[in-house]
Amino acid sequence: MNPGHGRLDAGALVSADVLARADRILFVAHLAIGDFTYLQACLRAFARTYPHVRIHLWVDERRRTADPAMWPHLQKYALFDWLAACPFIDKVYDSTYSPATFAESVAAARAAEYPIVASLAIVDCHRYARLIRQISPRGIVVGLTKPAERVVHLPSRFFAYRKLDGAIPVYTAADKPDHISAVYAGWFARFFGVDVPPAERLPRMDVPAEWMRAARAQFADWGFAAGRPVVFLNPYSKSPDRTWPLEFVAALARALRTRPAWRDAGIVVNVVPEALDDARRALTRRADPALAHIRLFSAEDHFFQLPAVMSLCSLVVSVETAVMHLANAVGVPVIALMRRNCPEWAPIDRDNSTVLMVPEMDDWVTSIRVEDVLAALDARDAGLPLARSA
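Residues numbered from 1 in each chain as written. Predicted model: local features only at pLDDT ≥ 70, side-chain atom pairs only at ≥ 80, totals over all residues. Heavy atoms only, no water.

S.K.: When you look at the overall build of the protein in this model, what are you seeing that I'm missing?
M.R.: The number of helices and strands found in the protein is 14 helices and 12 strands. Rg of the C-alpha trace for the protein: 22 Å, near the compact-globule value of 21 Å for 390 residues, within the 12% margin. Structurally, the protein occupies a C-alpha span of about 65 × 50 × 45 Å along its principal axes. Buried positions account for 53% of the 390 residues belonging to the protein. Within the protein, contacts between residues separated by at least 24 positions form 71% of all contacts whose residues are at least 6 apart in sequence. (Helix = DSSP H or I, 4+ residues; strand = E, 2+ residues; numbered from the N terminus. Rg over C-alpha atoms; globule rule 2.2 N^0.38 Å. Buried < 20%, exposed > 50% of the residue type's maximum accessible area, 1.4 Å probe, protein only. Contact = heavy atoms within 4.5 Å.)

What follows is the structure, given as structure tokens:
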């Protein structure tokens, strides 16, 4: 494919001539797994449009700390496993978890003399503007900007953003974006003139065969025979306002046994490692035959354990985390439990997604009841259109 195929003619901030001469580009971002689920389509489109430009990715660790006790946890970020398997990413800077390793990474990136560096950071945009100019003193640097929240911050923002050769304002709720994938696609169109059409924004996931074999072996160990329906429940989040209580999980598991289509279904509950003991006490150590079909799962060894297990399930029920987006990526129907403050982060595959929103803006997902999930499931089983709550 010739460089420039798939390029828009819209006066991009980085010209086609600059991109034609470049051999590498560095993208800087503070990435979560959900971010990359949609950003990957843009990076893939860039690689297809400019196949001669090697993509390097700086994953900035926002929890950077001088505390050595925290480093093993930060080093084992599941996203790195996924990035390592992406054929369109040539290099990842994945050691920014401490002040020392951050400084080493900056020095290594600076020595690489990148001709183009782009910041996709939406938090502390001014700091990332300074960082990318530090990395590339003589290259083209572009990034996102955000207005100062206080008058006292105006000078620092002004001088930071002056370091950029081109900038795009970060989107706000007032912009009412249809979906985060459209926001990302807009960035790549404005920065580079790269076209990411809607059909290409759907997330993709190619799970390596070894992890699919491991998932099938796990199902066999759990006693889940081939053809048996399995529901994947993800009640955990990093924040309490997005976490569903374990008593709701138990109630849903019991209620599924009253539904003909799900009477014999196995239940896989995705549990963060630090909550495994609580989950065992609440769900698997009870002498309750109504919960005997529950199995606890935690992807402790490798990122691909998670999508591999999910891909073998019949349905995913998830709170507002990357899991609901990964369900779209592996092609499994999902019921997503969401707050109202970020509707642009709903799962993108409308044909396979039911989104249940909390009633009020400030509500937690605990306001979505078991009965609400069952009603959505009953509508799905009856063949009614999968709905998104208003």
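S.K.: Would you mind going over the sheet that holds strand E12 (residues 353–357) with me for this structure?
M.R.: One key point about sheets: their strands pair by backbone hydrogen bonds, in either a parallel or an antiparallel sense. Taken together, six strands build an open sheet; the order of strands is E9-E8-E7-E10-E11-E12 and the sheet is parallel. Unpaired on one side and paired on the other, strand E9 (294–297) and E12 mark the two borders of the sheet. Ignoring which end each strand starts from, the neighbouring axes of this sheet average 15° apart. This element, helix H11 (residues 276–284), spans strand E8 (266–270) and E9 of the sheet and lies at about 175° to E9. (Pairing = 2+ DSSP bridges. Axes fitted to C-alpha atoms, helices over the stretch in contact; angles between N-to-C directions.)

S.K.: Whenever I open this one, helix H14 (residues 370–381) confuses me. Can you help?
M.R.: Note on helix geometry: an α-helix contains 3.6 residues per turn, so any two residues three or four positions apart are oriented the same way. Taking 1.5 Å of rise per residue, 12 residues should cover 16 Å, and H14 covers 16 Å from first to last C-alpha, within 8% of that figure. Turning to H14, its buried residues are Val370, Val373, Leu374, Ala376 and Leu377. Viewed end-on, H14 has its buried residues packed into an arc of 160°, placing them on one side of the element. Where H14 is buried, its residues meet helix H10 (246–256), strand E10 (315–319), strand E11 (334–338) and E12. (Expected span 1.5 Å × (residues − 1). Arc of directions from axis to C-beta.)

S.K.: Help me understand the side chain of Thr145 in this model?
M.R.: Counting through the fold element by element, Thr145 comes out in strand E5 (residues 140–145). Setting aside residues up to four positions removed in sequence, Thr145 forms contacts with Cys125, Tyr161, Leu164, Ala167, Ile168, Pro169 and Val170.

S.K.: Teacher, can you tell me more about the sheet that holds strand E1 (residues 24–29) here?
M.R.: Ordered by their spatial adjacency, six strands build an open sheet running E3-E2-E1-E4-E5-E6, and the pairing between neighbours is parallel. Edge positions in the open sheet fall to strand E3 (91–93) and strand E6 (166–169), since each of these has one partner strand only. When strand polarity is set aside, the average angle formed by the axes of neighbouring strands in this sheet is 15°. Bridge count between E5 and E6: four bridges; the pairing is parallel. Note on E6: the bridge partner recorded for Val142 is Gly166.

S.K.: I tried to follow unusual backbone geometry on my own but got confused; where do I start?
M.R.: Residues apart from glycine generally show negative phi values, whereas peptide bonds are mostly found in trans. Backbone geometry places Glu113, a non-glycine residue, at a positive phi of 50°. Secondary-structure assignment places Glu113 in the loop between helix H5 (99–111) and strand E4 (116–119). For Lys176, which is not a glycine, the phi torsion comes out positive at approximately 50°. Secondary-structure assignment places Lys176 in the loop between E6 and helix H8 (180–192). Since its relative accessible area comes to 71%, Lys176 is described here as exposed.

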